[in-house]
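Spelled out from the first residue to the last, the chains are:
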Amino acid sequence: MFDAMLSGCDAYAMLGNDYYLLDPGVPLVFGDGTRVYGELAKKYVTHKTGYFILAPSGAGKTHFIRAQKELHWLDGDDLWPAAYAHPAGAWWLESLERMTEIDQRSDIITIEAKRLGFWILGASNAFLRPDAIVIPDWETHKRWIVVREREGYDGGATSDQLEQVMAHRKWILGWQENGTVPKFETVPEAVAYLVNRERRTPGRQSR
């Protein structure tokens, strides 16, 4: 079992990206997340079926989410901190054991959010099978990271962390080994695939 679990608490009040994050050493428990998800549902469209697109840092997730005219896709970097799955600090630079623990916590939250009909774009994943993955061409991916770093850095991998990004890309590609998880080079392509699948399924509508 996980060393630390999740707390709903009053994280619902943090959904304007001004997060109060728990210290990494604070022990967590499961809690009632009704208010957290309720606040998210006021901002984001929910659907009959939840989806999760997994993509590494710098693949265009935040850019896509900010460009939405209607908020169908939720950034995992908004969801997971709101549920206290992500702690304060640069946890993604810690040991593999610690990063895996936090990704496991994030998967639990992603499962709950999908169950409630949210569509999530994010990079945290341990055991939950994603509905699609995004792996840009490597040269393009590196360029996007450099451009973001120079022209409007808002978090995520930087050009001195490309080795870690490459390792994460390889790990994500593991989901494609059995052919059951579709792979795309851009976020819009992955989104279009899942949206079209949603439309083709009878009885599935947004809420």
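Residues numbered from 1 in each chain as written. Predicted model: local features only at pLDDT ≥ 70, side-chain atom pairs only at ≥ 80, totals over all residues. Heavy atoms only, no water.

Okay, the environment of Val-45 next. Structurally, Val-45 is set in the loop between α1 (34–43) and β1 (51–54). Take Val-45: its relative accessible area is 14%, and that puts it in the buried class. For the pair Val-45 and His-72, spaced 27 residues apart in sequence, the C-alpha separation works out to 4.9 Å. (Helix = DSSP H or I, 4+ residues; strand = E, 2+ residues; numbered from the N terminus. Buried < 20%, exposed > 50% of the residue type's maximum accessible area, 1.4 Å probe, protein only.)

Next up on the list: the packing of helix α5 (residues 138–151) against helix α6 (residues 162–173). Between α5 and α6, whose axes approach to 12 Å, the crossing angle comes to 135°. One way to sum up the angle between α5 and α6 is to call them oblique. Between α5 and α6 lies a crossing of right-handed hand. Listed contacts from α6 to Trp-138, His-141, Lys-142 and Ile-145 of α5 are Leu-162, Val-165, Met-166 and Arg-169. Of the residues that constitute the contact of α5 with α6, the class distribution is five nonpolar, one polar and two charged. (Axes fitted to C-alpha atoms, helices over the stretch in contact; angles between N-to-C directions. Parallel < 35°, antiparallel > 145°, perpendicular 65-115°, else oblique. Left-handed = near helix turned anticlockwise from the far one by under 90°. Contact = heavy atoms within 4.5 Å. Nonpolar A, V, L, I, M, F, W, Y, C, P; charged D, E, K, R; others polar.)

Right, let's get into the pattern of salt bridges. Tallying each qualifying case throughout the model produces seven salt bridges. The partner of Glu-39 in a salt bridge is Lys-42, with the nearest N and O atoms 2.9 Å apart. Linking Glu-39 with Lys-42, this pair stays in helix α1, spanning three residues, or about one helical turn. With a closest N to O distance of 3.0 Å, Lys-114 and Asp-131 form a salt bridge. One end of the pair, Lys-114, is in helix α4 (residues 96–115); the other, Asp-131, is in the loop between β3 (119–122) and β4 (132–134), with 17 residues separating them in the sequence. For the residue pair Lys-114 and Asp-131, the accessibility class agrees, reading buried in each case. Taken together, the shared-partner salt bridges connect Arg-98, Glu-101 and Arg-105 into one network. (Salt bridge = Lys/Arg side-chain N within 4 Å of Asp/Glu carboxyl O.)

Take Lys-61: it is sitting in helix α2 (residues 61–66). An unpaired buried charge is present at Lys-61: no salt bridge exists, and Asp-77, the closest side chain of opposite charge, is 6.2 Å distant. Contact partners of Lys-61, with chain neighbours within four places excluded, come to Ala-55, Pro-56, Leu-121, Gly-122, Ala-123 and Val-187. (Lys, Arg positive; Asp, Glu negative; His and termini not counted.)

Further remarks concern α4. Given a rise of 1.5 Å per residue, 20 residues ought to cover 28 Å, and the 28 Å separating the end C-alpha atoms of α4 matches this to within 8%. Backbone geometry just downstream of α4 places Gly-117 in the positive-phi region, at approximately 90°. (Expected span 1.5 Å × (residues − 1).)

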